[in-house]
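Listed here are the chains, written in short residue letters.
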Amino acid sequence: MVRLDDSTQKRLAIAGAVVTIVFSVLLGRLWTLQIIAGEKYTKMAESNRVRTISLSTSRGVIYDRNGEVLVDNRPSLVVAVTPSEVENEDVSFRLGKLLDMTSDEIKEKLEDKAVDPLKSRKVKYDIDENIAVYIKEHSADFSGVEIKVESVRNYSAPTTAAHVLGYLGEISGDELEHNKDSGYELGDLIGKSGIEKQYEEILRGIKGFQQLEVDASGKVVRILDENESVAGNNLQLTIDSSLQQATEKSLEEAIKVAQRDGHEDANAGAALVMDPNTGEILAMASYPTFDPSLFIGGFSSKQWADLNDKSSGFPLINRTMMCSYAPGSVFKPVTYLAGLMEGVVSYRSTFDCEGKWTGMGESWPRYCWNRAGHGRMNLSSGMSNSCNIVFYEIGYKLYKAGGEKLQKWAHEFNLGLRTGVDLPSETKGRVPDKAWKKKFNEEHPDYQAWVPGDTVNLAMGQGDLLTSQLQIANIYSAIANGGTVWKPHLGKKVLTAEGEEIHEFNREKVLDIPVPEDIIEKLQRDLRRVVVDGTAKRAFEGFSLEVAGKTGTSQVKGKDDFAWFACYAPLDNPRYVVVVLIEQGGHGGSVAAPAARRILAAAYDISSTGSLSVPDKSR
Amino acid sequence: MKKRDFFEWVRFIDFSLIAITALLVAYGNLTVYSATCSSQTDPFFYLRKQVIFTLLGILVAAGIVLLNYNWFRHYMIPFYIGNAVLLLLVLFVGFTTYGATRWISIGFFNLQPSELAKIVLILTLAALLADRKGNIDKLSKLFIIFAYVGLPLFLIIAQPDLGTALVLVAIMLGMLLVSGLKWQHALLIFGVVILAIFLIFQFNLLREYQMNRLVVFINPNVDPTGAGYNLLQSKIAIGSGGLFGTGLFSGTQTGLKFLPVRHADFVFSVVGEELGFLGSSFLLGLYFLLITRSLAIGASAGNLYGTLVAVGVSSMWLFQVLVNIGMTMGIMPITGIPLPFFSYGGSSMLINFAGVGLLLNIYARRFK
């Protein structure tokens, strides 16, 4: 037997060592993959194998108070494109020609960052059936393009109650982040404004899902788990759709008439009808308006920019509760009550109006809108004639009494706080006081001091006071019902998809204003006088309904006057509070009051709607 | 047979190598079956063929054992030339799958001459090196070795079959090292390899898929749905196996076909998924025993030729196990090197059994 030499033996031993090292490395790697990272890979294996598909659900229908459909759903043919599956540029060119879109528009949709890059992007909704058939028949020319049927919102009347209903849009990254655990996915529609946003949870429904086991080619092997979709609940609103339409019409007419009468900057306004006994909003109109159906399928960035451009008049804004304004003379009832309750004036107090007031000294004169003077006035005639001298006097007396009494009374009506209406983005308004003014003018030390003129301005509903139209409606509602501020609301009932009632929105008391009944009754009487023989007399001439209200003409620096009218009717058993505001529409008595009359006429089906505009010079 | 004769006979047989091989090949057949039994058309299609290959392999091994391995030494030149001709034939009459031309049809069987080249090279190099009594101290003598390796290497690269070409290089290196390669020459070979790699990249000699595999090896996350897909799926399958695995026939990544070429190149991943760390490390243990046992046979061989043949076979298996299993776990680039006794395929099965036959032969004749 030949023995191997020692060096060969040694080299074989080295080879054995190499083998051992190689196997140690392999074993170490195996340990890392299976034991240390095993869980991670198990999860990856699951996500390989299990596909969860969400099943669509149908969004709840929104009804008006009488059960009329305001918005429901309809199927829409949608062209969707999965960019990763598009084989060449020609596809978007062909698609553009077919859908009448520019290649830039298509490109914008395809490059939408908000959509999962591997998912399809919806390029156009509501395409013609012939186009859908064409694309399907020529599928080879349209790689990555598919035709889907999506459920979209169906509006009974395009612009009716647009601001109330709001619109839907694809969920944004931020919204997704905020609603992490609510089951939203990219591409889902979500309420972006109005009731659609406010009651998203009620309306959206619960998407079902299917857990599928798939093989490597994506073929479904079996269903692992399944959960059916639950349709969203239906919602009944307090809106009365015929009154809503009448309100919108009256508002638009009033704006047009204001323009015709020389207030050419009048281009916006708002009108509200509320039930003073419950806070139910029966009609809520804002002008300019928009068509929520335009939001189906989303906007191009240009369309969106147009809608938010100054020249458009910002139609998406709900001017009844998102904006705050100087209320002008419609605020005078608050000053009136403050004066009486604080004891600075009484019903026997008299005021001499010579058109000019020098209560704060000769160097600080103020004027009445009626430069000729009203002569001898008292609280009652001061209200009906909207005599400024009377309210300057009250304001000045309240100032001298100290303690920010007028602000206190503004707060008694819940001004400076949100009304709590069930709509998103409500404004708080502003009740100015010493502390506020100091802080507001932090940078301008000369303007920090609260001066008598500030309180006098406030008494007139001017100065730095800001209220939303809805807050004004609250004031008149409380006056009408004897002193209670109810929370304004639009939700009436929640019903299941089958129509079974599951929730009713009851009226909610916000506060009672601490005013004795007899004083409120006197205020009611004086507001009635405004309509009978005061500043709103002409507007309501020959109107069969007993209306009580107040005109207002608020001044905004650099702009035409804002026309207000706030009222309620019928006098004895109030059912409607109506507030109309025409931005830069001139005098309240001349355009706003006639619009309110037309709204009330529609509510009572009264044929005598009066003139569209009447002369009024009051402020 | 007398009792004494029986023990005489038994002394010639390496039962441990036989047992290791039997376990490996049974384990392999079972795994191939588990990897392919979800086929709708014929769940036994691959198993049946693999079993036939195994049986043929046993015949090959038995045939080789009956001959004296030293006999091969005398016919080295005809074998070498015959194999070269076959490799050349592949380039002209071979048929192509997946962009590579590797097979020639010999009627009932598709022969892969590049597999055969491995054994032929082992026998050739062992003869050359043993003739020189392991004396390869001169560079000129080394070049003769390189020339012998170069011809089949070139023909195989031309197919292209980079994986098998690399196996040939590994066989050469293993045999040279055990033959007593000088460290200066080892360094030189290392330098040449580096230069070759440099030239390959410099002149863009790699095909696109080869380049992609390298990119993926360096950065596995670069293209998880494209070039990195196979590796990622393999790692998922192995990693998800955990300690015990999902059980044979129950691997979801295997059964639902997420795992690519699961009966051949990625067969180890099936073991990883279905039998977990226990089953996989058991398999690694079997390979460790196979290779160390082969080296031990080499150490006990009756002559240097036998030692070198055993070292060649061991090098082949070590390299294939390292590259194949390493590839499935992402520590080696993806190449189409089969896992010995496991990966589905006839030629490689026969060649591996030929290796076992040679080893048994060397063991049996160790006393001479």
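Look a little higher up for the structure.
Described below are features of the structure shown in this document. (Residues numbered from 1 in each chain as written. Chains lettered and ligands numbered in written order. Predicted model: local features only at pLDDT ≥ 70, side-chain atom pairs only at ≥ 80, totals over all residues.)

## Points about the pairing of strand β21 (residues 548-554) of chain A
All names here are of chain A. In plain terms, the rule: With C-beta atoms placed from the backbone, the exposure class of a residue follows from how many other C-beta atoms lie within 10 Å of its own: 20 or more, buried; 12 or fewer, exposed; in between, partly exposed. Secondary structure counts use DSSP, requiring at least four H or I residues in a row for a helix and at least two E residues in a row for a strand, with both numbered from the N terminus. Any two strands are treated as partners once DSSP identifies two or more bridges connecting them.
Burial of β21 is extensive: seven of the seven residues sit out of reach of the surface. Residues A548, K550, G552 and S554 point to one face of β21 and G549, T551 and T553 to the other, with burial holding for every one of them. Strand direction decides the pairing type here: β21 and strand β22 (residues 562-569), joined by seven bridges, are antiparallel. Across the sheet, residue G552 finds its bridge partner in β22, namely W564.

## What to know about helix α13 (residues 267-300) of chain B
Because an α-helix completes one turn every 3.6 residues, residues spaced three or four positions apart along the sequence face the same direction. Residues and elements named next belong to chain B. Spelled out, the test is: Expected helix span is computed as 1.5 Å times (number of residues minus one). The term bend refers to the angle at a residue between two fitted axes, each drawn through seven residues, those ending there and those starting there.
When the terminal C-alpha atoms of α13 are compared, their 33 Å separation across 34 residues is substantially less than the 50 Å that a helix rising 1.5 Å per residue should span. Helix geometry: α13 is bent most strongly at G276, by close to 130 degrees. Summarising burial for α13: 24 of the 34 residues are buried, a large majority.

## Here's the deal with the sheet that holds strand β8 (residues 208-214) of chain A
All names here are of chain A. Stated precisely, the cut-off is as follows: Lines fitted to C-alpha atoms define the axes, with helix axes restricted to the stretch in contact, and inter-axis angles between N-to-C directions lie between 0 and 180 degrees.
Strand order in the open sheet formed by three strands is β1-β8-β9, and the pairing between neighbours is antiparallel. What marks the edges here is a single partner per strand, and that holds for β1 (50-55) and β9 (220-227). This sheet shows a mean twist of 25 degrees between the axes of neighbouring strands, independent of strand direction. Note that β8 and β9 share six bridges and pair antiparallel. Paired with L212 across the strands is I223, a residue of β9.

## Observations regarding the pairing of β8(A)
Note on strand geometry: in a regular strand, side chains alternate between the two faces of the sheet. Residue and element names in this part refer to chain A. Sheet topology places β1 next to β8; six bridges connect them, and they run antiparallel. Bridging across to β8, L55 finds its partner in G208. Hairpin connection from β8 to β9: five residues lie between these consecutive antiparallel strands, with G218 at a positive phi of about 85 degrees.

## What about the interface of chain B and chain A?
Just so we agree on the cut-off: Contacts are defined on C-beta atoms placed from the backbone: any two residues whose C-beta positions lie within 7 Å are in contact. Residue polarity follows a fixed list, in which Ala, Val, Leu, Ile, Met, Phe, Trp, Tyr, Cys and Pro are nonpolar, Asp, Glu, Lys and Arg are charged, and the others, Gly among them, are polar.
Of the residues lining the interface, 41 residues belong to chain B; the matching set on chain A comes to 33 residues. Looking at the side of chain B that touches chain A, the elements with two or more residues in it are α8 (162-179), α11 (229-241), α12 (252-255), α13 and α14 (304-328) of chain B. Looking at the side of chain B that touches chain A element by element, the count peaks at twelve residues for α13(B). Class assignment of the residues belonging to the side of chain B that touches chain A gives a composition of 21 nonpolar, 18 polar and two charged.

## Quick notes on the nonpolar core
Applicable threshold: To define a nonpolar core, we join buried Ala, Val, Leu, Ile, Met, Phe, Trp, Tyr and Cys residues through C-beta atoms within 7 Å and take the resulting set. Domain delimitation follows an automatic or database domain assignment.
Residues A:L272, A:Y476, A:V579, A:V580 and A:A592 are the most contacted members of the largest nonpolar core, which totals 123 residues. Counting residues per element, this core draws most heavily on helix α20 (residues 588-604) of chain A, at nine residues. Mapped onto the domain boundaries, this core takes at least three residues apiece from domain 1 (49-68 + 156-233) and domain 3 (241-291 + 324-604) of chain A. Once residues within four sequence positions are removed from consideration, A:Y476 is found in contact with A:A566, A:C567, A:Y568, A:V577 and A:V579. Counting residues in each nonpolar core, the second largest holds 115 residues, with A:V22, A:L30, B:L290 and B:M316 among its members.

The values reported here are purely geometric and, on their own, carry no functional implication.
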